[in-house]
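So the chains spell out like this:
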Amino acid sequence: LAFGFHSDAGLTPNDSIVGTLSIYTRLSENKSVFPDGEDRGINRPLTDIVQTQIVDDIRQQWNPKWTRREIWDKSYSESRTPMVPSMLLELLSHQNFEDMKYGLDPAFRFTVSRAVYKGILKFLSNRYGCPYVVQPLPVHGFAAEIKDKNTVHLSWKPTEDPLEPTAKAQSYWLYTRVDNGAFDAGVPVDGNA
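Residues numbered from 1 in each chain as written. Predicted model: local features only at pLDDT ≥ 70, side-chain atom pairs only at ≥ 80, totals over all residues. Heavy atoms only, no water.

A. Just the nonpolar core, in detail. The biggest cluster of nonpolar side chains holds 21 residues, and the ones touching the most others in it are I54, I58, W66, L91 and F108. Broken down by secondary-structure element, the contributors of at least two residues to this core are α1 (43-61), β4 (86-90), α3 (97-103) and α4 (106-128). In contact with I58, not counting residues within four places along its chain, are N63, W66, L91, F108 and V112. (Core = buried A, V, L, I, M, F, W, Y, C linked by side-chain atoms within 4.5 Å. Buried < 20%, exposed > 50% of the residue type's maximum accessible area, 1.4 Å probe, protein only. Helix = DSSP H or I, 4+ residues; strand = E, 2+ residues; numbered from the N terminus. Contact = heavy atoms within 4.5 Å.)

What follows is the structure in structure tokens.
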């Protein structure tokens, strides 16, 4: 699929949140199918699933009043020209102070990027009829304790994802290297130490 990511969703006269708008294109060169014959209507559920995930995650983690704007069927190049399911996201307005208070925050950007990933994953899961598992969040509380001259004990804690119950690590991979050499192929580690 193809995904266009923009930050120009409009202005408000009172500087409230402009919010998130999404765009898909039903017709391309007056055709409602892709070259492989698949209906271009598949763009609509892609757009809805991704926008829903973004707005839900922002509302849960950042602002419960975040504005979910419309889903447009319009002829924009990013959603019209790809020969695969596609959408264009207008996340927020970079011209609006209230939106940009969030848009400049790296943690907000992480939430949104993860929401885009989760929305695409859920769309693909739905499209192909297979279950999905969201990648767990990075570990925290990482520590290295030197036991003796040749032994280091590593430990960490999993990071719970309150927004996604499937994002739980079942095991970990530990990659090591000596001095400036290459990392090895890794070894599986059960638990968090």
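B. Just unusual backbone geometry, in detail. For E29, which is not a glycine, the phi torsion comes out positive at approximately 55°. One can find E29 in the loop between β2 (20-24) and α1. Phi is positive for N30, which is not a glycine, with a value near 60°. Note that N30 resides in the loop between β2 and α1.

C. Representation of the packing of aromatic side chains within the structure. According to the stated counting rule, one finds 9 aromatic pairs in the structure shown. Between F3 and F5, the ring centres sit 5.8 Å apart and the planes meet at 75°, which makes this aromatic pair edge-to-face. Since its relative accessible area comes to 41%, F5 is described here as partly exposed. Taking 5.5 Å as the distance between ring centres and 45° as the angle between the ring planes, the aromatic pair formed by Y102 and F108 counts as tilted. Under the relative-accessibility criterion, F108 is labelled buried at 1%. What links up through ring pairs into an aromatic cluster is the set W62, W66, Y102 and F108. Here the basic side chain of K74 rests over the ring of W72, its NZ or CZ set 4.8 Å away from the ring centre. (Phe/Tyr/Trp six-rings, centres within 6.5 Å; stacked < 30°, edge-to-face > 60°. Lys NZ or Arg CZ within 6 Å of the ring centre and 35° of its normal.)

D. How the structure looks around α1. With 19 residues, α1 ought to run about 27 Å at 1.5 Å a step, and its terminal C-alpha atoms sit 27 Å apart, in line with that. Within α1 the residues assigned to the buried category are N43, L46, T47, V50, Q51, Q53, I54, V55, D57 and I58. Residues of α1 that are buried make contact with β1 (2-6), β2, β3 (68-73), α2 (77-80), β4 and α4. (Expected span 1.5 Å × (residues − 1).)

E. α4, seen in detail. Taking 1.5 Å of rise per residue, the 23 residues of α4 would be expected to cover 33 Å, and the 33 Å separating its terminal C-alpha atoms lies within 8% of that figure. Listed as buried for α4 are F108, T111, V112, R114, A115, V116, K118, G119, I120, F123 and S125. Near the N-terminus of α4, the side chain that reaches the backbone nitrogen of A107, with its oxygen 2.8 Å away, is that of D105. Remark: G129 follows α4 within two positions and exhibits a positive phi of approximately 65°. (Polar contact = N/O pair within 3.5 Å; in protein donor to acceptor, adjacent residues only side chain to side chain.)

F. Molecular detail of a nonpolar patch on the surface. Together, L1, V84, L124 and Y128 give the surface a local cluster of nonpolar side chains, amounting to about 360 Å² of exposed area. Mapped onto the elements, L124 comes out in helix α4. Residue classification places L124 among the partly exposed residues on the basis of a relative accessible area of 30%. (Patch = residues over 30% accessible without salt bridge, like charges linked within 9 Å, V, L, I, M, F, W, Y side chains within 5 Å. Areas by Shrake-Rupley, 256 points an atom, 1.4 Å probe, with all protein chains shown as cover. Salt bridge = Lys/Arg side-chain N within 4 Å of Asp/Glu carboxyl O.)

G. Representation of the pattern of salt bridges. The tally for this structure, following the rule as stated, stands at 10 salt bridges. Linked by salt bridges that have partners in common, R44, D48 and R68 make up one network.

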